[in-house]
Amino acid sequence: MEPITQILDAVARGEPEAAGRLLPLVYDELRRLAAQKLAGEKPGQTLQATALVHEAYLRLVDSERRGSSPPWNGRGHFFAAAAEAMRRILVENARRKRSLKRGGGLVRRDLDDLQLAAPEPAEDLLALDDALNRLAAADPVKAELVKLRYFAGMTIEEAADALGISSATAKRYWAYARAWLYQSVSGAPPESGNPQPG
């Protein structure tokens, strides 16, 4: 059993010092994952990778201590949970930016800036989150595959293994989920009826 898995087991057992031993082992990979997620965001994102890692880690460890999430089943499950926590933080940040008390959808511009403002980056993330939630309601396995691939940065093979499905099935699910999400987010009319997860 690798050291990360042993420490994850210790965190699940409630050993108080285990969380402190875990962070140094996973920090670099979490930082890379956070930087990857933030690089995919449009300009205007105010979160830094370090802050995103720390917030996600605190949520993971705190939820594990409170028993509000199941124990992690190894390294892949931990990083998938971390990616999901990062996604939730980014969505919450986008919603907070969009809220009326923070100025709604208004974008601050200089008076001598004559170009049209780009769409608020928060809108794309919120649309993706809404679409992903609809996909999860209709087909949880395909939605989980998207989370593992897009938010956890796993390969098809790693995600298939984490989900307990074959790589060929994961490839089919991935192609379908991407098309479904694209249609849902972009509002593009389907080629032959509205695809239903299946």
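Keep in mind the model is a prediction, meaning the values are calculated, not measured. (Residues numbered from 1 in each chain as written. Predicted model: local features only at pLDDT ≥ 70, side-chain atom pairs only at ≥ 80, totals over all residues. Heavy atoms only, no water.)

### Some remarks on the environment of aspartate 139
So, step 1. Mapped onto the fold, aspartate 139 is located in the loop between α5 (121-138) and α6 (140-151).
So, step 2. Classification of aspartate 139 as buried rests on a relative accessible area of 11%.
So, step 3. Spatially, the C-alpha atoms of aspartate 139 and alanine 177 are 9.5 Å apart, while their sequence positions differ by 38 residues. (Helix = DSSP H or I, 4+ residues; strand = E, 2+ residues; numbered from the N terminus. Buried < 20%, exposed > 50% of the residue type's maximum accessible area, 1.4 Å probe, protein only.)

### Some words on the environment of tyrosine 150
So, step 1. By the secondary structure assignment, tyrosine 150 is in helix α6.
So, step 2. On a C-alpha basis, the gap between tyrosine 150 and lysine 37 in space is 8.5 Å, while along the polypeptide they are 113 residues apart.
So, step 3. Residues in contact with tyrosine 150, not counting those within four places in the same chain, are Lys37, Leu128 and Trp174. (Contact = heavy atoms within 4.5 Å.)

### Observations concerning helix α2 (residues 18-39)
So, step 1. Taking 1.5 Å as the rise per residue, α2 with 22 residues should run 32 Å; its terminal C-alpha atoms sit 31 Å apart, in good agreement.
So, step 2. Considering bend angle alone, the principal kink of α2 is centred on valine 26 and spans about 55 degrees.
So, step 3. Of the residues making up α2, those classed as buried are Ala18, Ala19, Leu22, Val26, Leu30, Leu33, Ala34, Lys37 and Leu38. (Expected span 1.5 Å × (residues − 1). Bend = angle between axes of the 7 residues up to and from the residue.)

### Observations regarding the packing of helix α7 (residues 156-163) against helix α8 (residues 167-186)
So, step 1. Their axes nearest at 9 Å, the elements α7 and α8 cross at an angle of 105 degrees. With respect to their mutual orientation, α7 and α8 come out roughly perpendicular. Judged by residue contacts, Ile156, Glu157 and Ala160 of α7 engage Ser167, Ala170, Lys171 and Trp174 from α8.
So, step 2. Classifying every residue of the contact of α7 with α8 by side-chain character gives four nonpolar, one polar and two charged. (Axes fitted to C-alpha atoms, helices over the stretch in contact; angles between N-to-C directions. Parallel < 35°, antiparallel > 145°, perpendicular 65-115°, else oblique. Nonpolar A, V, L, I, M, F, W, Y, C, P; charged D, E, K, R; others polar.)

### Comments concerning α7
So, step 1. Among the residues of α7, those classed as buried are Ile156, Ala159 and Ala160. The buried residues of α7 occupy an angular sector of 100 degrees when the element is viewed end-on, so they sit on one face.
So, step 2. Where the residues of α7 are buried, they touch α6 and α8.
So, step 3. Of the residues trailing α7, glycine 164 is marked for its positive phi of about 75 degrees. (Arc of directions from axis to C-beta.)

### Points about the nonpolar core
So, step 1. Leu22, Val26, Leu30, Phe78, Met86, Leu135 and Leu181 are the most contacted members of the largest nonpolar core, which totals 52 residues.
So, step 2. Only α1 (3-12), α2, α3 (49-66), α4 (75-98), α5, α6, α7 and α8 provide two or more residues apiece to this core.
So, step 3. Element by element, the count of residues in this core is highest for α4, at 11 residues. (Core = buried A, V, L, I, M, F, W, Y, C linked by side-chain atoms within 4.5 Å.)

### Quick word on the pattern of salt bridges
So, step 1. Summed over all chains, the structure comprises eight salt bridges.
So, step 2. Across the pair arginine 88 and glutamate 84 runs a salt bridge whose closest N-O atoms are separated by 3.1 Å. On the criterion of helical spacing, the pair formed by arginine 88 and glutamate 84 is a turn pair, its members being four residues apart in helix α4.
So, step 3. Its relative accessible area of 13% is what places glutamate 84 among the buried residues.
So, step 4. Linked by salt bridges that have partners in common, Glu84, Arg87, Arg88, Asp129 and Lys147 make up one network. (Salt bridge = Lys/Arg side-chain N within 4 Å of Asp/Glu carboxyl O.)

Interpretation in functional terms is not warranted from these geometric data alone.
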